[in-house]
Amino acid sequence: MSRHPNHRTHVIPEFPTMKRLVLIGAACLALTAVTPVRAADALPQLAEILASSDDAQLQLDILRGLSAALRGRRTAPMPAGWTKVEAKLTGSANGEVRTLTQALSLTFGSQRALADLRQMAADSKADAGARRSALDALLAVRDAQLPPTLLQLVADAEPRVVEAAVRGLALYDDPGTAATLLARYPALSVGARRDALNTLAGRAANSRQLLAAVAGGKIPRTDLTADLVRQLRAHKDEALRKQLTEIWGVVHETSPDMQAEVERVKRVYWAGGSTPGDGPRGRVVFNKVCAQCHTLFDTGGHVGPDITGANRSDLDYLLQNILYPNAVVPNEYRATTIETKDDRTITGIVKEQNPAATVIQTANELLTVPRGEIKSTTTSDQSLMPEGLIAQLKDIELRDLLYYLSRPGQVNLPAGQ
Ligand code: HEC
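Residues numbered from 1 in each chain as written. Predicted model: local features only at pLDDT ≥ 70, side-chain atom pairs only at ≥ 80, totals over all residues. Heavy atoms only, no water.

Enquirer: Give me the overall build of the chain: which residues, what numbers.
Expert: A tally of helices and strands in the chain yields 18 helices and seven strands. Across the 417 residues of the chain, 48% fall into the buried class. Pairs at least 24 residues apart make up 65% of the contacts formed inside the chain by residues separated by at least 6 positions. For the chain, the exposed surface amounts to about 20,800 Å²; the carbon and sulfur share of it is 54%. (Helix = DSSP H or I, 4+ residues; strand = E, 2+ residues; numbered from the N terminus. Buried < 20%, exposed > 50% of the residue type's maximum accessible area, 1.4 Å probe, protein only. Contact = heavy atoms within 4.5 Å. Areas by Shrake-Rupley, 256 points an atom, 1.4 Å probe, with all protein chains shown as cover.)

Written out as structure tokens, the structure reads:
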């Protein structure tokens, strides 16, 4: 039997705009977990429209609506008829249709989509951007079969892939993680090292192996920045606390005489003479200890406030804030610790809380943690900005940093940096 060439276009007028919108709306409402029964009604119908329509705009409308409704959820049951949709739309000429279909198929637990993406991620000949996107997508649904691939990709030649793999390992309680990351550590880029430390500090067992490596001199003690130490202390693990005190010493959370300490550091600064520091060198110190959280002159992170417009020319202001971040902590910057059901500890600033997920900004990255994975959430009265940040600096580094911080404008980095 020969098919009428316009066979498909006949289907579309049967779904007038109103009905389409009602269907999409119903599916989205239902998917946000209000009435699962309605989802069961609407989703197969949407799948049917997707599979029968050749109208890319209509497909996009439905796919975008579904994606928005599923945001913050790692997985959802696959609606009837989706396999047909997947087979058809992953071959679409429209790039966004393909991407959205693959992403949704993943959320619906499609084995085909998982296998395709795993293969793409591990393919060293494929485009680096595509490999990174594949990894990100697999991590977003927390693909249970991914850890062996991640462990292998820690040694990949492509930095963007390495970074995603190192960060991604934090999601899994895999027994190979600590040994692999610690062995590879010296070969990692500075950024990937930070990611590795952060991944290790997320779980008590890995943290103990990390501290053993620090005690054994395999990882420099100074790589453990104050915010990592805070993260390590957040584990309720006696053995770990003991190790930490042995390596790091006791961290004093408050000082008996704050103004005296400010005065002492000011004397160190002025001992440098009429131009106590060097701007370019100070910028290097800033990049090392502050830039991950603060923007100054348009570069740096967004964990803490942008300090370009702060009262930086006032040395007292600077030192009080650097030495005693906990003296005054605006509520939106209080550190929150989330414990997940699979025993990961995440410390950061809560940016958004909705019925599906909590979005938390750590010193390293912005994470979305689905509500169902959270065991407990504790908000402290401490700032996410750690104390003791400048305790490790040499006097000259301290002078350079304070000098740079008090400059009205940006300076160039020293040659070769
Ligand atoms: C782990 C993240 C983090 C790091 C690292 C960090 N800060 Fe902060 N900082 C914050 C947060 C969060 C706040 C806001 C809460 C508070 O005031 O404690 C803050 C506040 C400040 C403020 C007060 C800003 C205001 O609005 O008045 C200053 C100044 C400051 N930081 C300077 C620094 C300097 C200098 C460094 C490096 C030596 C540094 N910070 C390192 C997170 C960080």
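Enquirer: Any chance you could break down helix H10 (residues 177-184) for me, citing the residues and the numbers?
Expert: Structural remark: α-helix, 3.6 residues per turn; residues separated by three or four positions point the same way. Those residues of H10 that fall on the buried side of the exposure criterion are Thr 177, Ala 178, Leu 181 and Leu 182. For H10, the angular spread of buried residues about the axis comes to 110 degrees, placing them on one side. Residues of H10 that are buried make contact with helix H8 (147-153), helix H9 (159-168), helix H11 (190-201) and helix H12 (204-215). (Arc of directions from axis to C-beta.)

Enquirer: Which residues make up the coordination of the iron atom of the ligand, and what values go with them?
Expert: In the first shell of the iron atom of the ligand, the protein supplies His 294 (NE2) and Met 385 (SD), at 1.9 to 2.1 Å from the metal. Around the iron atom of the ligand, the six donor atoms sit at angles spanning 87 to 178 degrees, and that spread fits a shape best called octahedral. Here Met 385 lies in the loop between strand S7 (374-383) and helix H18 (395-405) and His 294 lies in the loop between helix H16 (279-289) and strand S1 (295-296), a separation of 91 residues in the sequence. A relative accessible area of 13% means that His 294 is categorised as buried. (Donors = N, O, S within 2.8 Å, 3.2 Å for Na, K, Ca; no water. Tetrahedral: all angles 85-135°; square planar, octahedral: opposite > 155°, others 65-115°.)

Enquirer: Let's hear about the pairing of strand S4 (residues 345-353): which residues, and what values?
Expert: Bridge count for strand S3 (residues 334-340) against S4 is four bridges, and the pairing is antiparallel. Counted as the bridge partner of Glu 339 is Thr 345 from S4. Between the end of S3 and the start of S4, which pair antiparallel, lie four residues, with Asp 343 showing a positive phi angle near 70 degrees. Relative to strand S5 (residues 357-361), S4 runs antiparallel, the two being bridged by four bridges. From the neighbouring strand, Val 350 faces S5, where its bridge partner is Ile 360. (Pairing = 2+ DSSP bridges.)

Enquirer: Talk me through the site of the ligand; I want residue IDs and the actual numbers.
Expert: As a matter of local geometry, the ligand sits amid 22 residues, with Cys 290, Cys 293, His 294, Tyr 317 and Met 385 nearest to it. The contact in question runs from an oxygen atom of the ligand to an N or O atom on the backbone of Pro 325, over 3.1 Å. Ser 383 has a polar side-chain atom sitting 2.7 Å from an oxygen atom of the ligand. Per element, the largest residue contribution to the shell around the ligand is three residues, and it comes from helix H17 (residues 315-323). When residues of the shell around the ligand are sorted by domain, at least three fall in each of domain 3 (258-325 + 388-405) and domain 4 (331-383). (Near = heavy atom within 4 Å. Polar contact = N/O pair within 3.5 Å; in protein donor to acceptor, adjacent residues only side chain to side chain. Domains from an automatic or database assignment.)

Enquirer: Would you mind going over the sheet that holds S3 in detail, with residue names and values included?
Expert: Spatial strand order, S6-S5-S4-S3-S7: five strands in an open sheet with antiparallel pairing. Taken across any chain shown, the strands that pair with only one partner, and hence form the sheet edges, are strand S6 (366-370) and S7. On average, each strand axis in the sheet is inclined to that of its neighbour by 45 degrees, with strand direction left out of account. Examined bridge by bridge, S5 and S6 share five bridges and lie antiparallel to one another. (Axes fitted to C-alpha atoms, helices over the stretch in contact; angles between N-to-C directions.)

Enquirer: So what about the packing of helix H15 (residues 258-270) against H18? Which residues, and what values?
Expert: At their nearest, the axes of H15 and H18 sit 9 Å apart, and the two run at 90 degrees to each other. Considering the angle they form, H15 stands roughly perpendicular to H18. Taking contact as the criterion, the partners of Val 265, Val 268 and Tyr 269 in H15 are, on H18, Asp 395, Leu 398, Arg 399, Leu 402 and Tyr 403. Looking at the contact of H15 with H18, its residues break down into six nonpolar, no polar and two charged. (Parallel < 35°, antiparallel > 145°, perpendicular 65-115°, else oblique. Nonpolar A, V, L, I, M, F, W, Y, C, P; charged D, E, K, R; others polar.)

Enquirer: Summarise unusual backbone geometry; cite the residues concerned and give the values.
Expert: Despite not being glycine, Arg 142 has its phi angle at roughly 50 degrees, a positive value. Take Arg 142: it is sitting in the loop between helix H7 (128-140) and H8. A positive phi is found at Phe 297, a non-glycine position, where the angle reads about 50 degrees. Relative to the helices and strands, Phe 297 resides in the loop between S1 and strand S2 (299-300).

Enquirer: Could you give me a rundown of the pattern of salt bridges, with the residues and numbers involved?
Expert: In total, this model carries 21 salt bridges according to the counting rule given. As a salt-bridge pair, Arg 132 and Glu 163 come within 3.4 Å of each other at their nearest N and O atoms. Remark: Glu 163 occurs in helix H9 and Arg 132 occurs in helix H7; sequence separation between them is 31 residues. On the accessibility criterion, Glu 163 (27% relative accessible area) is partly exposed. (Salt bridge = Lys/Arg side-chain N within 4 Å of Asp/Glu carboxyl O.)

Treat this as a map of the structure, not an account of what it does.
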